[in-house]
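In case you want the letters, here they are:
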Amino acid sequence: MSHKHPAILRHWLLACSLLLPLMSHAAPAATVSTEARGRHHVEPSPLVIGHRGASGYVPEHTLASYALAVLQGADYIEPDLVMTKDGQLIARHDNELGLTTDVAQRPEFADRRRTQTVDGVTLTGWFSEDFTLAEIKSLRAIERIPTIRPGNARLDGAFEVPTLQEIIDLVKSLQISQQRVIGLYPETKHPTHFQQLGLAMERPLVRILARNGYASRWSPVYIQSFEVENLKTLSRLTSLRLVQLLWTDGQPYDQQVLGTGLTYAQMSTPAGLKAIARYAAGIGPEKSQIIPRDAAGNLTSPTRLVPDAHAAGLKVHPYTFRAENSFLPTDLRSSSDPQARGDTETEIRAFLDAGIDGLFIDQPDIAVKVREARQ
Ligand code: G3P
Ligand code: CA
């Protein structure tokens, strides 16, 4: 941890004191060798990606959430990234800030509330591109789904919105204390929207990663996007591995803007996957693209997506596994209580049997335990 960042240190200590009871995974003692940091690091399989950190336990995209994911044994942590008015990369799932910060309670920002179209959808709220980093830093994170995760909501107001640099500093610090490689899996959110505002994300992202030593295909980084053209741009700017996110229907927003007609369904065919393999190392499909659910909400049989992707040379990291009944297949729910946990372990095992290479999960400790039990 850098001594140049006392605010981060304070933040981290606060996170540790709040999170100690939740740390269920003891990291194995090992040395982070020079080789492990670079070219010869062998990634665990399946890769456990802490989705928005350990967002099943702590408000998403906070240093506390990322730290907990690592302490639970996640191999990678996943920051979604948006831009500030002054061109800084910060971790938020959306550029609209009202769902995951206390901005609505801040009278000094009341006049920033406005309506605009983002990726073709009309939204009213407070937008990251209207705030400087200093203003963002005065906000505090809140829980996105307090009715499902009331325990997380108890931590509303405890944590700042982190910058990408602060997340990298945290990872570098935890690599020392945990004695293992910890990867970064950033997602560019709304890249066409930010490009249209003169706040293109790709070069700042590549610059900040390179400045921190992440620049080769062996670096422990995957950059993901639901859009296509910005991944192609990134493939020309960096050798870091890229992941094309997929969705169950519709088109990537940049392809809508360009009028190409390219759909996610086309991208998920063998020919579409071969085209993705020209610029990306993997795909991140919505998990129902791998094992659809039937009319009753139960898992059915796997599709061809995993073998077709593997045939194209692509890794497959589906999203998003969540332990609460609200998100589980019907027959894996423990009760009708939407907050209670069901049998995520069985769901994960079905996807591992289908051949996935990794998974995004809100409760990384569960995936780590399932992986350990299979080894
Ligand atoms: O990036 C994988 C997954 O996180 C994509 O969905 O909406 O949670 O960013 P979202
Ligand atoms: Ca994401």
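Scope of this entry: the structure provided in the associated data block. Along each chain, the written sequence defines residue order, and numbers are assigned to residues from 1. Here chains are named by letter from A upward and ligands by number from 1 upward, in the order in which they appear as written. Per-residue local features of the predicted model are confined to residues with pLDDT of at least 70, and side-chain atom pairs are confined, for both listing and counting, to 80 or more; whole-chain, interface and lining totals are unaffected and use all residues. Water and hydrogen atoms play no part in the side-chain values, which are based on all heavy atoms of the structure.

**Notes on the packing of helix H6 (residues 164-178) against helix H8 (residues 202-211)**
- Two elements in contact, H6 and H8, have axes separated by 11 Å at closest approach and are oriented at 25 degrees. In terms of their interaxial angle, H6 and H8 are classed as roughly parallel. The hand of the H6/H8 crossing is right-handed. Of H8, the residues touching H6 (which contributes Leu 164, Gln 165 and Ile 168) are Leu 205, Ile 208, Leu 209 and Arg 211.
- Three categories are distinguished: nonpolar for Ala, Val, Leu, Ile, Met, Phe, Trp, Tyr, Cys and Pro, charged for Asp, Glu, Lys and Arg, and polar for the others, with Gly belonging to the last. The residue makeup of the contact of H6 with H8, split by class, is five nonpolar, one polar and one charged. Simply put, an axis is a line fit to the C-alpha atoms, just over the touching stretch for a helix, and the angle between two N-to-C directions goes from 0 to 180 degrees. Secondary structure elements follow DSSP: runs of H or I of four or more residues count as helices, runs of E of two or more count as strands, with numbering from the N terminus. Any angle from 65 to 115 degrees is called roughly perpendicular, while one under 35 is roughly parallel, one over 145 is roughly antiparallel, and all others are oblique. Crossings are assigned a handedness: left-handed for a near helix turned anticlockwise from the far helix by less than a right angle, right-handed for a clockwise turn. Contacts: residue pairs with any heavy atoms within 4.5 Å of one another.

**A few points about the sheet that holds strand E2 (residues 76-78)**
- Think of it this way: DSSP has to see at least two bridges between two strands before they count as a pair. Across the sheet, which stays open at both edges, the four strands sit in the order E7-E2-E1-E13 with parallel pairing between neighbours. Lying at the two open borders of the sheet, with one neighbouring strand each, are strand E7 (183-184) and strand E13 (358-361).
- As defined by bridge partners, strand E1 (residues 47-51) adjoins E2 across three bridges and the pair is classed as parallel. What sits directly across from Gly 50, in E2, is Ile 77.

**Digging into the pattern of salt bridges**
- Counted as salt bridges are all cases of a side-chain nitrogen of Lys or Arg within 4 Å of a carboxyl oxygen of Asp or Glu. For the coordinates displayed, the defined rule picks out 20 salt bridges.
- Across the pair Asp 130 and Arg 114 runs a salt bridge whose closest N-O atoms are separated by 2.6 Å. Here Arg 114 lies in strand E5 (residues 114-118) and Asp 130 lies in the loop between strand E6 (121-125) and helix H4 (133-137), a separation of 16 residues in the sequence.
- Residue classification places Asp 130 among the buried residues on the basis of a relative accessible area of 17%.
- A salt bridge links Glu 160 to Lys 137; its shortest N-O distance comes to 2.8 Å. On the criterion of sequence distance, the pair formed by Glu 160 in the loop between helix H5 (150-153) and H6 and Lys 137 in helix H4 is long-range, its members being 23 residues apart. Neither residue differs from the other here; Glu 160 and Lys 137 are each classed as buried. Using a 1.4 Å probe on the protein chains alone, a residue whose accessible area is under 20% of its type maximum counts as buried, one over 50% counts as exposed, and one in between counts as partly exposed.

**Details of the site of ligand 1**
- The rule for a residue being near a molecule or strand is that one of its heavy atoms must lie within 4 Å of it. Surveying the vicinity of ligand 1 reveals the residues His 51, Arg 52, Glu 78, Asp 80, His 93, Glu 187, Lys 189, Gln 224, Phe 226, Leu 245, Tyr 319 and Phe 360.
- One nitrogen or oxygen atom from the side chain of His 51 is found 2.7 Å from an oxygen atom belonging to ligand 1.
- Here Glu 78 contributes a side-chain N or O atom positioned 2.9 Å from an oxygen atom of ligand 1.
- In the complex, the protein chains occlude 92% of the 280 Å² of accessible area that ligand 1 would expose alone.
- Only protein atoms enter the 1 Å grid used here. Points where a 1.4 Å probe fits but cannot escape make up a cavity, open sets with protein on both sides within 12 Å along at least five of seven lines make up a pocket, and a residue lines them when an atom lies within 4 Å of a point. Just a note on the criterion: a molecule sits in a pocket or cavity if more than half of its atoms are within 2 Å of the grid points. For ligand 1, the cavity whose grid points lie within 2 Å of the majority of its atoms is the largest pocket. Within 3.5 Å is the distance limit for a polar contact, defined as a pair of N or O atoms, with the added protein rule that one can donate a hydrogen and the other accept it, and that residues adjacent in sequence qualify only through two side-chain atoms. Here the accessible surface of atoms and residues is derived via Shrake-Rupley with a 1.4 Å probe, and residues count as covered only by protein chains that are part of the display.

**Observations regarding helix H9 (residues 229-237)**
- Every buried residue of H9 is accounted for by Asn 230, Leu 231 and Leu 234. Buried positions in H9, seen along its axis, are confined to an arc of 100 degrees and lie on one side of it.
- Where the residues of H9 are buried, they touch strand E8 (187-188), helix H7 (191-196), H8, strand E9 (222-225) and strand E10 (241-245). By arc we mean the arc of the directions from the helix axis to the C-beta atoms, nothing more.

**Description of the layout of surface pockets**
- Put simply, the largest pocket is a space of about 870 Å³.
- Breaking the lining of the largest pocket down by element, the ones donating at least two residues are E6, E8, E9 and helix H10 (253-258). Grid points are joined across faces, edges and corners, and a volume is the space filled by probe spheres set on the points.

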